[in-house]
Amino acid sequence: MANKQVWTATGRRKRAVAQVKLVGGTGRITVNGRDVEDYMPYATLVMDLKQPLVATNNENRFDIEVKVNGGGFDGQTGAIRLAITRALLKFDANTDQTREDSYRHTLKTAGFVTRDPRVKERKKYGLKKARRAPQFSKR
């Protein structure tokens, strides 16, 4: 039995953390044991997490198994997208990265390689939220 090669990567966004396994296959994506269309409530989220695959023309080349927890659906989608991007970069690591058709160049120009650093700001004491002060009453 031939051992299939697996590329793994981790992605984070807001409070969400996603672990991705990339295996050669037919393009099936499972998230936490469920099909991606069943797991994500909106088709735009599914389209968003598939963007790195579409940019590199790999929609039907890999089966992707995802474990994700934390955050909401939008944060989880961003974490999965970053993890898929990192796994594709590992897959394409042996090619010359200076070429125009390398995965790194394609994904970097599309803006998928950079992790989005924005997270929720912590609440400060004396305030209702991070910056929202209590309502001022003159009398």
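Structural notes, computed from the coordinates. As the structure is a computational prediction, the values presented were derived from the model and not from experiment.

What about the overall build of the chain?
1) Next: The helix and strand tally for the chain stands at five helices and five strands.
2) Next: Element order for the chain, N to C, with α for helix and β for strand: β-β-β-β-α-α-α-β-α-α.
3) Next: Scaling as 2.2 N^0.38, a compact globule of 139 residues should have a C-alpha radius of gyration of about 14 Å, whereas the chain reaches 19 Å, well beyond that.
4) Next: Sorting the 139 residues of the chain into buried and exposed places 33% on the buried side.
5) Next: In the chain, of all internal contacts separated by at least 6 residues, the share reaching a separation of at least 24 is 68%.

Things to note about a positive patch on the surface
1) Next: Among the surface-exposed residues, Lys-120, Lys-128, Lys-129 and Arg-132 lie close enough to one another that they form a single positively charged patch.
2) Next: Mapped onto the elements of the fold, Arg-132 is located in the segment after helix 5 (103-110).
3) Next: The class of Arg-132 is partly exposed, set by a relative accessible area of 45%.

Observations regarding the nonpolar core
Where a protein is soluble and globular, its nonpolar side chains tend to be buried together.
1) Next: One finds Ile-64 and Ile-80 to be the most contacted residues of the largest nonpolar core, which totals 30 residues.
2) Next: Those elements that place two or more of their residues in this core are strand 1 (6-13), strand 2 (16-24), strand 3 (29-31), helix 1 (36-39), helix 2 (43-49), strand 5 (62-69), helix 4 (73-91) and helix 5.
3) Next: Ranked by residue count, the leading element in this core is helix 4, at seven residues.
4) Next: If sequence neighbours within four positions are ignored, Ile-80 has contacts with Ala-18, Val-20, Val-31, Met-40, Leu-49, Val-66 and Val-68.

Examining the pairing of strand 2
1) Next: Bridge count between strand 1 and strand 2: eight bridges; the pairing is antiparallel. Its bridge partner lying in strand 2, Val-6 is registered against Val-23.
2) Next: The loop that links strand 1 with its antiparallel partner strand 2 comprises two residues; one of these, Lys-14, has a positive phi angle of about 50°.
3) Next: By the bridge criterion, eight bridges tie strand 2 to strand 5 in an arrangement that is antiparallel. Looking at strand 5, one finds that Leu-22 is bridged to Ile-64.

Quick notes on the sheet that holds strand 4 (residues 34-35)
1) Next: The five strands are arranged 1-2-5-3-4 in an open sheet whose pairing can be described as mixed. Looking at which strands have only one partner, the edges of the open sheet turn out to be strand 1 and strand 4.
2) Next: Lying over the sheet, helix 4 contacts strand 1, strand 2, strand 3 and strand 5, oriented at roughly 145° with respect to strand 1.

So, unusual backbone geometry
Glycine aside, the phi torsion of most residues is negative, and most peptide linkages are trans.
1) Next: Phi is positive for Asn-32, close to 50°, though the residue is something other than glycine.
2) Next: If you trace the backbone, Asn-32 turns up in the loop between strand 3 and strand 4.
3) Next: Non-glycine residue Asn-57 carries a positive phi angle of around 55°.
4) Next: Tracing the backbone shows Asn-57 in the loop between helix 3 (51-55) and strand 5.
5) Next: Given a relative accessible area of 62%, Asn-57 falls into the exposed group.

Procedures and definitions
Chains are numbered independently. Their residues run from 1 in the order of the written sequence. Confidence filtering applies because this is a predicted model: local features only for residues at pLDDT of at least 70, side-chain atom pairs given and counted only at 80 or more, and all residues used for totals across whole chains, interfaces and linings. For side-chain calculations, the full set of non-hydrogen atoms in the structure is used, while hydrogens and water are omitted. Numbering goes from the N terminus for both helices and strands, where a helix is a DSSP run of H or I of at least four residues and a strand is a run of E of at least two. Only the C-alpha atoms count toward the radius of gyration. The rule for a globule is 2.2 Å times the residue count to the power 0.38. Relative accessibility thresholds used throughout: buried, under 20% of the residue-type maximum; exposed, over 50%; partly exposed, between the two (1.4 Å probe, protein chains only). Residues count as neighbours in contact if any of their non-hydrogen atoms are within 4.5 Å of one another. Patches here are clusters of residues that have more than 30% relative accessible area and form no salt bridge, with a 9 Å joining cutoff for like charges and a 5 Å cutoff for nonpolar side chains (Val, Leu, Ile, Met, Phe, Trp, Tyr). Per-residue accessibility takes into account occlusion by the displayed protein chains alone, with areas from the Shrake-Rupley method and a 1.4 Å probe. Salt bridges are counted wherever a side-chain nitrogen of Lys or Arg sits within 4 Å of a carboxyl oxygen of Asp or Glu. When charges are counted, Lys and Arg are positive and Asp and Glu negative, with His and the chain ends excluded. To locate a charge, take atom NZ for lysine, CZ for arginine, CG for aspartate or CD for glutamate. Residues grouped as a nonpolar core are buried Ala, Val, Leu, Ile, Met, Phe, Trp, Tyr and Cys residues, joined through side-chain atoms within 4.5 Å. Only when DSSP finds a minimum of two bridges between them are two strands counted as paired. In this analysis an axis means a line fitted to C-alpha atoms, helices contributing only their contacting stretch, and an angle means the value between N-to-C directions, from 0 to 180 degrees.

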